[in-house]
Amino acid sequence: MSTPLPHAAIAAISTYLPAKVVKTSDLESEFGAGSITRIAAKTGIAERRVASEDEFTSDLATAAGEALFGQYGIDRESVDFLLVCTQSPDHPMPSTSCLVHHQLGLRADAGALDLGMGCSGYVYGLGMATGLIESGQAQSVLLITADTLTKYLNPADRQLRTIFGDGAAATLVTGSASAPALAGFSYGTDGAGAAHLVVPNGGLASGSRLTEAAGVETRGLVSTGYDMYMNGSEVFTFSLRSVPSIVERALERSGLSMDDIDLFVFHQANEFMLETLRKKLRIPSDRFVVEMSKCGNTTSSSIPLALAAARDSGRAQSGMRILLVGFGVGLSWGAVVATL
């Protein structure tokens, strides 16, 4: 390995979405047009992508990685470390990153590690990639976010089925000789709120250990074995409380103000929540990215998917300072200022 470069920077982003499309209007026959229309009006989600029955997180992650190699002509031999961020791993063991490492044909001396994070996972992953690079452990880190959360959803849960979709994104983080391009990393955790967004079954502590409210019996559902649960009002309250403070801290740590930020890309939870946060923080709409209508809430992939869409539309351009903010399951949150 040659002499390490002093700073980390995002070099490339590619995305992958499953082929299957489920439109919000398709759910009307199951739940009634009235209720679906009301939910859709708040979420701003017209459709989402759903992994097929035999398509799993490692498949989406591998497809995103291959897309990145092909789109940018990147030599897979140049990757020193693979990070896979997911909360829907293929198996309890081995790590999904080991499966993806093999499927992508990476070097045997390249590390591979899972991050069990969700909505804030992209920021945490960028932080880990930055640490690997700036400590001299790697010069090129492939960060892949991927989830097939729809496999956790109970078919009778109208709220969550109108929100969550499956997807993946691959981000190449490399060493750079220029000024720091990833600055102001700030994090937060509140495990006391873990029960507000949870898959209560499927692990070694299956059942009601976190919350009885998550049980399907209290919701009038027939269990599928996973039954993801979200207390929407609690998650909304948490987001309004945590996001402004993490934005302030990230800006302070990077020595910037709100006026210095060219674009704001937050976790794409739903349109109502994003619009509420935008107004609370007084961010002009032309500097605020909302990109989820065609893919839904893809948890850890929502920020890179939105960032890639902004790049493709010309809103995100080279040299811009972009504030990335993740928040949600955990409860966990994080922010960083990225210069493209």
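Structure's up top.
Given the structure is predicted, the values throughout are model-derived calculations rather than measurements.

Let's shift gears to the overall build of the protein chain. Helix and strand counts for the protein chain stand at 10 helices and 13 strands. Along the first, second and third principal axes, the C-alpha atoms of the protein chain reach 60 × 45 × 35 Å. Nonlocal contacts in the protein chain, meaning residues at least 24 apart in sequence, comprise 78% of its contacts between residues at least 6 apart. Element-wise, carbon and sulfur atoms account for 52% of the exposed surface of the protein chain, whose accessible area totals about 14,100 Å². The centroid of the 25 positive side-chain charges in the protein chain is displaced by 7 Å from the centroid of its 34 negative side-chain charges.

With that out of the way, let us pick up the sheet that holds strand β4 (residues 81–85). Think of a sheet as strands paired side by side through backbone hydrogen bonds, with each pair either parallel or antiparallel. Read across the sheet, five strands follow the order β1-β7-β6-β4-β5 without closing on themselves; strand pairing throughout is mixed. The two strands at the open ends of the sheet, each matched to only one other strand, are β1 (7–16) and β5 (111–115). The sheet shows a mean angle of 20° between the axes of neighbouring strands, taken without regard to direction. In this structure, β4 lies alongside strand β6 (residues 140–147), joined through five bridges in parallel fashion. Pairing of Phe 81 across the sheet is with Val 141, part of β6. Most of the contacts of helix α4 (residues 96–104) go to β5, to which it runs at about 135°, and overall it touches β4, β5 and β6.

This brings us to the nonpolar core. Core analysis: the largest hydrophobic core is formed by 38 residues, its most contacted members being Val 247, Phe 266, Val 325 and Phe 327. When contributions to this core are tallied by element, the ones reaching two or more residues are α8 (232–254), β11 (263–266), α9 (271–281), β12 (321–328) and β13 (332–339). For this core, the element with the highest residue contribution is α8, accounting for seven residues. If near-sequence neighbours (up to four positions away) are discounted, Val 247 is found in contact with Met 258, Phe 266, Leu 281, Leu 323 and Val 325. If you look at the next biggest cluster of nonpolar residues, it comprises 35 residues, including Met 117, Leu 126, Ala 306 and Ala 316.

This part is about the side chain of Asp 147. Along the chain, the position of Asp 147 falls in strand β6. Of the buried charged residues, Asp 147 lacks a salt bridge, with Lys 151 as the closest side chain of opposite charge at 12 Å. At 2.9 Å, the side chain of Asp 147 and the side chain of Thr 86 are in polar contact. At 3.2 Å, the side chain of Asp 147 forms a polar contact with the side chain of Thr 299. In contact with Asp 147, other than residues within four places in its own chain, are Thr 57, Leu 60, Thr 86, Gln 87, Ser 88, Asp 166, Gly 167, Thr 299 and Ser 300.

Here helix α10 (residues 302–313) is 12 residues long and its end C-alpha atoms lie 16 Å apart, about the 16 Å a rise of 1.5 Å per residue gives. Those residues of α10 not exposed but buried are Ser 302, Ile 303, Pro 304, Leu 305, Ala 306, Leu 307, Ala 308 and Ala 310. Tucked into the core, α10 has its buried residues touching β1, α5 (121–134), β6, β7 (167–176), β11 and β12.

Calculation rules
Residues numbered from 1 in each chain as written. Predicted model: local features only at pLDDT ≥ 70, side-chain atom pairs only at ≥ 80, totals over all residues. Heavy atoms only, no water. Helix = DSSP H or I, 4+ residues; strand = E, 2+ residues; numbered from the N terminus. Contact = heavy atoms within 4.5 Å. Areas by Shrake-Rupley, 256 points an atom, 1.4 Å probe, with all protein chains shown as cover. Lys, Arg positive; Asp, Glu negative; His and termini not counted. Charge placed at Lys NZ, Arg CZ, Asp CG, Glu CD. Pairing = 2+ DSSP bridges. Axes fitted to C-alpha atoms, helices over the stretch in contact; angles between N-to-C directions. Core = buried A, V, L, I, M, F, W, Y, C linked by side-chain atoms within 4.5 Å. Buried < 20%, exposed > 50% of the residue type's maximum accessible area, 1.4 Å probe, protein only. Salt bridge = Lys/Arg side-chain N within 4 Å of Asp/Glu carboxyl O. Polar contact = N/O pair within 3.5 Å; in protein donor to acceptor, adjacent residues only side chain to side chain. Expected span 1.5 Å × (residues − 1).

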